[in-house]
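Chain residues, written in single-letter form:
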Amino acid sequence: MPESSAFAPQYASIPHRDHTAELGMWVFIATEVLLFGGLILAYLVYRHAFPQGFAEASRHTEIVIGTANTAVLLTSSFLVAWAVEIFSPDTARITTWLLMGAACLGLAFIALKGVEYSREYGEHLVPGIDFQFAGPRGNSIQLFFIFYFVATAVHALHMLIGIGLLIALAMICRKAPTTRHHTALHSAALYWHFVDVVWIFLFALIYLPGRSSS
Amino acid sequence: MSEMNYLTADYTLKSWFLTTDHKRIAILYFASLIFFFFIGGAAATAIRIELATPQADLVSSDIYNRLFTMHGIIMVWFFLIPSIPNTLGNFIVPLMIGARDLAFPRLNLLSWYIFMLGGCTTLFAIFAGGIDTGWTFYTPFSTLYSNSYVIVAAAGVFIAGFSSILTGLNFIVTIHRLRAPGLTWYRLPLFLWSLYATSVILVLATPVLAITLLLIATERFFGVGIFDPRIGGDPLLFQHLFWFYSHPAVYIMILPGMGVVNELISCYSRKQVFGYKFVAWASLAIAAVGFLVWGHHMFVSGQSLVASLVFSFMSFIVAVPSAIKVFNWTATLHKGSIHFDAPMLYALAFIGLFTIGGLTGLFLACLAFDVHATDTYFVVAHFHYIMVGGMVTAYFGGLHYWWPKITGRLYSEYWARTAAVLIFFGFNLTFFPQFILGAEGMPRRYHVYPPEFQLWNVLSSGGAVILAVAYLMPLFYLGYSAFFGRRAPANPWNAPGLEWQTSSPPPGFNFTTQPVVTRAPYQYNRDFQAEPQNA
């Protein structure tokens, strides 16, 4: 069988290659669900054990920044979905701008997260580095903040990888978009939406407990 | 052999270390796993030498803790879990389904590099001073008290986990998307069903271990008490998370072995596997139910009685698909034209040893008995019957069976049979006495013991000597065969599988023409051209 430059030799056709790549991304997302799932399970176990401590801790989180970040991330997901929809060699310019816009929103998310972290540091709420909390529920509040930092840091790492993917795809789209890049964009978009969904769960778990009753 | 094959395509180092050919990556894994097997084996040897006498004469208790931890970590994560999937699976899966490579060849190479990075990190932890937590990293010892290289070792296992995930992902996608025309799911050889089930576990369980190890490392590094009871943390939560991965991991360490045994039993009794669909679905049933039994590692941990009862019940349930397999292999033998070639000896050994390991697992699933046997040598013997008696035996069986395909050479049948028999006797002599020791109450993880246990320990250590020699033998006769063995034909065992339709060793992209499948697997012809007697 002659070597074909259009697709790797293990595939029978271009659609075969593209569907295979997409399935690969779905399986990867399944693995990621369990990664965050383990973390969220641990959080829920402790929240069940210390409902009042977790509610009180949650009231010390920056809900304004958290909400703004949710909006930022949803908007960037929208831009990515838009880019996937209109992707073609004729729309290379606008696709590039949409992806760059999404990546910038991703960076804005990270920047806001940084502001949030620094404020928490200022309030002595960073376990292991500087944690002081006067009051009877100090221990469970510390547990909450450990999970807060681990979960948001792991999520931010996923964001950084996604931002890198979006920028790389934006560069490619500007030059020579082909169907192969459409598949790559589609897979990257799946990943970006997944990171977005994780954030929606984290948002509800971090910022909302204990808000309605106080 | 004039035609080009994957081994002779190129001889440069670069052509090996940057290859995306699944067959070459399988060889890279194979070489790495031999290395890790001997490191883990060296630790086991030191343990058995120490245990030959009741007193501490070789090592201190501190060193002993590091030895069994090193043995466990290396053998579990750097030998057993990748053993069959990453070597035989990597090599055979595309051939068996008539594909030119795995779905993602570069990811496959990346998986090997990640594995080596994880392996080197773990080796660094071991040689820098070792880890004394046991392979289970139980908290709060691992996070608060252990004065050893826990973070580095956890990082090594964490990194290696991603290699497992990538391999599992690659197999799932490959088996879904790259099957040859006509190769429907029920025409798949059962090895593929079991690797598929294994891959599902790899993809769904490994990330939970990753996040758990990350929490352990965070707790140790920052001194924050995630699992520390003093601030309300729960050490049992760690055990739940750990065993949520590590019990399914036991099935990662046995399902591929079961898959290999299907191929061997069928080939050397020249018959279809009895009850194909039951065996196929039994693999998936084991994978699914295997996710719901982790609490049987925690019967004495203080979890609720209700939880223990449910986990005990589920553990009995998971024995059903395992038993289906054993009965169906036995039924396959019935009226077969049985040939006692070396791979078949390994397969038969597997059935016997796995049955003992599985049945003693049922003892341990009983709440009342488990309280007596927890943390005794009974448990040690039980899981070694599954992992060493089962998986390692199947690995050797599969290695011999596919050796002519991998190397294009035949091995010495005489030496292969001798090694198989020695492994069987050496293994039983090593581990059967440990059942007795455990039943009599000898706890695991101690290097001194009361003198009345010495007889069984001496027998066990003697068996370990035989086992060590038997494990070293293939290194010589297979090593000899790889360079000087008689050339193998494309299909030395007259087997119908697609992997035997291409030349031995296969060419670069496996098949010169795309194979098309028109019938069920295992359509064996009864005349077995049993040829290779001596190389």
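Rules behind the numbers
- Residues numbered from 1 in each chain as written.
- Chains lettered and ligands numbered in written order.
- Predicted model: local features only at pLDDT ≥ 70, side-chain atom pairs only at ≥ 80, totals over all residues.
- Contact = placed C-beta atoms within 7 Å.
- Helix = DSSP H or I, 4+ residues; strand = E, 2+ residues; numbered from the N terminus.
- Nonpolar A, V, L, I, M, F, W, Y, C, P; charged D, E, K, R; others polar.
- Buried ≥ 20, exposed ≤ 12 C-beta atoms within 10 Å, placed from the backbone.
- Expected span 1.5 Å × (residues − 1).
- Bend = angle between axes of the 7 residues up to and from the residue.
- Axes fitted to C-alpha atoms, helices over the stretch in contact; angles between N-to-C directions.
- Parallel < 35°, antiparallel > 145°, perpendicular 65-115°, else oblique.
- Left-handed = near helix turned anticlockwise from the far one by under 90°.
- Core = buried A, V, L, I, M, F, W, Y, C linked by C-beta atoms within 7 Å.
- pLDDT = per-residue confidence, 0-100.

Chemist: Hey, could you go over the interface of chain A and chain B for me, with residue numbers and the actual values?
Modeler: The interface of chain A with chain B comprises 27 residues on the first partner and 32 residues on the second. Of all the secondary-structure elements, those providing two or more residues to the side of chain A that touches chain B are α1 (14-49) and α5 (138-175) of chain A. Looking at the side of chain A that touches chain B residue by residue, the class counts come to 16 nonpolar, 10 polar and one charged.

Chemist: With reference to specific residues and values, describe the environment of T393 of chain B.
Modeler: All names here are of chain B. Of note, T393 is situated in helix α14 (residues 377-407). The exposure class assigned to T393 is buried, which follows from the 28 C-beta atoms found within 10 Å. The spacing of T393 and A420 is 27 residues in sequence and 8.5 Å in space, taken between C-alpha atoms.

Chemist: How would you sum up helix α3 (residues 61-96) of chain B? Please name residues and give values.
Modeler: All names here are of chain B. For α3, which comprises 36 residues, the first-to-last C-alpha distance of 49 Å matches the rise-based estimate of 52 Å (1.5 Å per residue) to within 8%. Of all the bends found along α3, the most pronounced is centred on S83 and spans about 60 degrees, while P85, a proline, follows it within four residues. Of the residues one or two after α3, G98 is the one with positive phi, at around 70 degrees.

Chemist: Can you tell me about the packing of helix α7 (residues 190-222) of chain B against helix α8 (residues 235-252) of chain B, naming the residues and giving the values?
Modeler: Residue and element names in this part refer to chain B. As a packed pair, α7 and α8 sit with axes 9 Å apart at the nearest point and diverge in direction by 155 degrees. One way to sum up the angle between α7 and α8 is to call them roughly antiparallel. Here α7 runs over α8; the crossing is left-handed. From α7, T198, I201, L202, A205, T206, V208, L209 and T212 reach across to α8, where they touch F238, L241, F242, F244, Y245, P248, A249, Y251 and I252.

Chemist: Kindly report on unusual backbone geometry, identifying the contributing residues and their values.
Modeler: All names here are of chain B. Residue P140 follows T139 across a cis peptide bond; omega there is -5 degrees. Examined against the element boundaries, P140 turns out to sit in the loop between α4 (105-128) and α5 (141-145). One non-glycine residue, N510, adopts positive backbone phi at about 75 degrees. Taking the C-beta count within 10 Å as the criterion, N510 has 24 such neighbours and is therefore assigned buried. In the Ramachandran plot, Y522 falls in the positive-phi region, its phi being about 65 degrees despite a non-glycine side chain. Positionally, Y522 belongs in the segment after α16 (454-484).

Chemist: Lay out the nonpolar core with the relevant residues and their values.
Modeler: Residues and elements named next belong to chain B. A154, L192, L264 and Y346 are the most contacted members of the largest nonpolar core, which totals 232 residues. Ranked by residues supplied to this core, first place goes to α7 with 21 residues. What Y346 contacts, discounting residues up to four positions off in sequence, is L264, T393, A394, F396, G397, H400 and A420.

Chemist: How would you sum up the confidence of the model for chain B? Please name residues and give values.
Modeler: Model confidence for chain B is summarised by a mean pLDDT of 94, while 98% of its residues fall at 70 or above. Listed scores for the predicted complex are pTM 0.95 and ipTM 0.93.

Chemist: Pulling in residues and values, what's your account of the packing of α1 of chain A against helix α6 (residues 179-207) of chain A?
Modeler: Residue and element names in this part refer to chain A. One way to put it is that α1 packs onto α6 with a least axis distance of 10 Å and a crossing angle of 15 degrees. As the angle between them shows, α1 and α6 are arranged roughly parallel. Both α1 and α6 take part in a crossing whose hand is right-handed. Facing α1, whose interface residues are I14, D18, A21, E22, M25, I29, E32, F36, I40 and Y43, α6 presents T179, T183, H186, S187, L190, Y191, F194, V198, F201 and L205.

Chemist: Describe in detail the environment of F221 of chain B, supporting the description with residues and values.
Modeler: Counting through the fold element by element, F221 of chain B comes out in helix α7. On the basis of neighbour counts, which here come to 12 C-beta atoms within 10 Å, the residue F221 of chain B falls in the exposed class.

Chemist: Talk me through the confidence of the model for chain A; I want residue IDs and the actual numbers.
Modeler: If pLDDT is low for a region, its predicted coordinates should not be looked at in detail. The share of residues in chain A with pLDDT of 70 or more is 96%, and the mean pLDDT across the chain is 91. Of all the helices and strands in chain A, strand β2 (residues 130-131) of chain A carries the lowest mean pLDDT, 89, while helix α3 (residues 63-86) of chain A carries the highest, 96.

Chemist: Pulling in residues and values, what's your account of helix α11 (residues 305-333) of chain B?
Modeler: All names here are of chain B. Relative to the 42 Å expected for 29 residues at 1.5 Å per residue, α11 spans 43 Å between its end C-alpha atoms, a close match to the ideal helical length. Along α11, the largest kink reaches about 25 degrees and is centred on P321. Regarding α11, the residues found buried are F311, S312, S315, V318, P321, S322, K325, V326, W329 and T332. The secondary structure elements touched by the buried residues of α11 are α9 (255-268), α10 (276-289), α12 (342-365) and α13 (367-373).

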